[in-house]
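# Structure at a glance
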Amino acid sequence: MDAPVLEPTSGNLRRAADCVADGGVVVAPSDTNLALTVDPWQDEPIERVYEMTDRPAEKPLTMFVRDPGEWRTYGTHEDPTLVEEFVEAFWPGPLNLVLSATDAVPHERVRKDGTVAIGCLSNPTWRDLVSHLDRPVAMTSANRAGEADDRLVDLTFAREQVGEHVDYLIEGGPRGTTESSTILDLSGEPSVLRSGDVTADDLNRVADVIPVGDGER
């Protein structure tokens, strides 16, 4: 049986946030796809996400903070001014930054080779949801691995893919775009690991240091 679909009322968002805090898995809006949302300080919900999506173990989840300045708690860079330039230009918004991870990053599934991907979303429903939590969340697209290439994960598709495995799905809010969030790796030589709504040209208008990379996180 599919999980309940919640309208994004204040009471329902608090209910969903309490579920996340208690170790549940919630499908929530983002700036692009609907996304599985969990507390990264708890093992069980993270393992549920990997199991229900068949996500490869080597692919970490992304940590999302509500306050753009929180990146300094979980990531570090030899030139924090460079990071701040991208943060001020694109956060909240569909840009994830890969930085060297600090010891505050809570879970091995949110790390990769000593790095962490951090985002800060503008979606108002998501921002209302996480306002009821006292910590960041970890997220990934609400679909099984390899089954959402070149399409938006909307409520209908999310229900088909993971609806029977999650605790709640949240309805409403902007539907996102058909693009992905852009992933900008600043943990070494700057590169774009995945192109999306924020283009390399957009990034280079802020700081002209970004070649286009070939990898994907």
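Preceding this section is the structure that the text describes.
In this text, all values refer to a predicted model and were calculated from it rather than measured experimentally.

Attention now moves to the overall build of the protein. Counting its regular elements, the protein contains 7 helices and 11 strands. A compact globule built from 217 residues would reach a C-alpha radius of gyration of about 17 Å, and the protein, at 16 Å, matches this within 12%. The long-range share in the protein, meaning contacts at least 24 apart out of those at least 6 apart in sequence, stands at 65%. Carbon together with sulfur atoms contributes 41% to the accessible area of the protein, which is approximately 9800 Å² in total.

For the rest of this paragraph, the subject is the nonpolar core. Counting residues in each nonpolar core, the largest one holds 26 residues, and the members touching the most others are F86, W91, L95, L97 and L203. Elements represented by at least two residues in this core include exactly α3 (71-74), α4 (80-90), β6 (93-101) and β7 (115-120). No other element matches α4, which puts 5 residues into this core. Leave out the neighbours within four places in its chain, and F86 touches W91, L95, L97, L184, L186, L203, V206, A207 and I210. Counting 21 residues, the second largest nonpolar core, distinct from the first, contains V38, Y50, F157 and V162.

Ring pairs (aromatic) are described by centroid distance and by the angle formed between their planes. If you walk through the whole model with that rule in mind, you get 2 aromatic pairs. Consider the rings of W41 and Y74, whose centres lie 6.2 Å apart with planes at 75°: the pair is edge-to-face. With W41 in the loop between β3 (35-38) and α2 (43-53) and Y74 in helix α3, this residue pair connects regions lying 33 residues apart in the sequence. Take W41: its relative accessible area is 34%, and that puts it in the partly exposed class. Judged by relative accessible area, Y74 falls into the buried class, the value being 8%. Ring centres 6.4 Å apart and planes at 70° place the aromatic pair F64 and W126 in the edge-to-face group. Taken together, the positions of F64 in strand β4 (residues 62-64) and W126 in helix α5 (residues 124-130) put the pair 62 residues apart, joining distant regions of the chain. Each member of the pair F64 and W126 is classed as buried. Looking at R109, its charged tip hangs above the ring of Y50, at a distance of 4.2 Å from the centre. Against the face of F157 rests R151, its NZ or CZ located 3.8 Å from the ring centre.

It is worth spelling out the environment of L129 at this point. Positionally, L129 belongs in helix α5. C-alpha separation for the pair L129 and S10, spaced 119 residues apart in sequence, amounts to 8.4 Å.

What follows covers a negative patch on the surface. Together, E78, D79, E85 and E88 make up a negatively charged patch on the protein surface. With respect to the helices and strands, the residue E88 is situated in helix α4. On the accessibility criterion, E88 (64% relative accessible area) is exposed.

A large share of β6 lies buried, amounting to 8 of its 9 residues. In this sheet, β6 lies alongside strand β5 (residues 75-76) in antiparallel orientation, the contact comprising 2 bridges. Across the sheet, the residue bridging to T76 is S100, located in β6. The pairing of β6 with strand β10 (residues 182-185) spans 4 bridges and is classified as parallel. Considered in β10, the bridge of L97 is made with L184.

Another aspect to go through is the side chain of T53. Summarising the element assignment, T53 is placed in helix α2. What makes T53 buried here is its relative accessible area of 3%. Apart from residues lying up to four places away in sequence, T53 is in contact with L36, N143, R144, A145 and V162.

Rules of the game
- Residue numbers run consecutively from 1 along every chain, following the written order of its sequence.
- Side-chain atom pairs in this predicted model are given and counted only at pLDDT of 80 or more, local residue features only at pLDDT of at least 70, and totals for whole chains, interfaces and linings cover all residues.
- In computing side-chain properties, one takes all heavy atoms of the structure into account and sets aside hydrogens as well as water.
- Strands here mean DSSP runs of E at least two residues long; helices mean DSSP runs of H or I at least four residues long; both are numbered from the N terminus.
- When we talk radius of gyration, it's over C-alpha atoms, and the globule rule is simply 2.2 Å times the number of residues to the 0.38.
- Contact definition: two residues touch when any of their heavy atoms are within 4.5 Å.
- All accessible-area figures derive from a Shrake-Rupley calculation using a 1.4 Å probe, and residue coverage is judged against the displayed protein chains alone.
- As used here, the term nonpolar core means buried Ala, Val, Leu, Ile, Met, Phe, Trp, Tyr and Cys residues forming a set that is joined through side-chain atoms within 4.5 Å.
- Using a 1.4 Å probe on the protein chains alone, a residue whose accessible area is under 20% of its type maximum counts as buried, one over 50% counts as exposed, and one in between counts as partly exposed.
- The criterion for an aromatic pair is that two Phe, Tyr or Trp rings (for Trp, the six-membered ring) have centres within 6.5 Å, with stacked assigned to planes under 30 degrees apart, edge-to-face to planes over 60 apart and tilted to the rest.
- A ring is scored as having a charge over it whenever the NZ atom of a lysine or the CZ atom of an arginine sits within 6 Å of its centre and within 35 degrees of its normal.
- Candidates for patches are residues over 30% relative accessible area with no salt bridge; among them, like charges are joined within 9 Å and nonpolar side chains (Val, Leu, Ile, Met, Phe, Trp, Tyr) within 5 Å.
- The salt bridge criterion pairs a side-chain nitrogen of Lys or Arg with a carboxyl oxygen of Asp or Glu, the two atoms within 4 Å.
- Under the convention used here, Asp and Glu are negative, Lys and Arg are positive, and both His and the chain ends fall outside the count.
- Taken as the charge location is NZ of Lys, CZ of Arg, CG of Asp or CD of Glu.
- Two strands make a pair as long as DSSP finds a minimum of two bridges between them.

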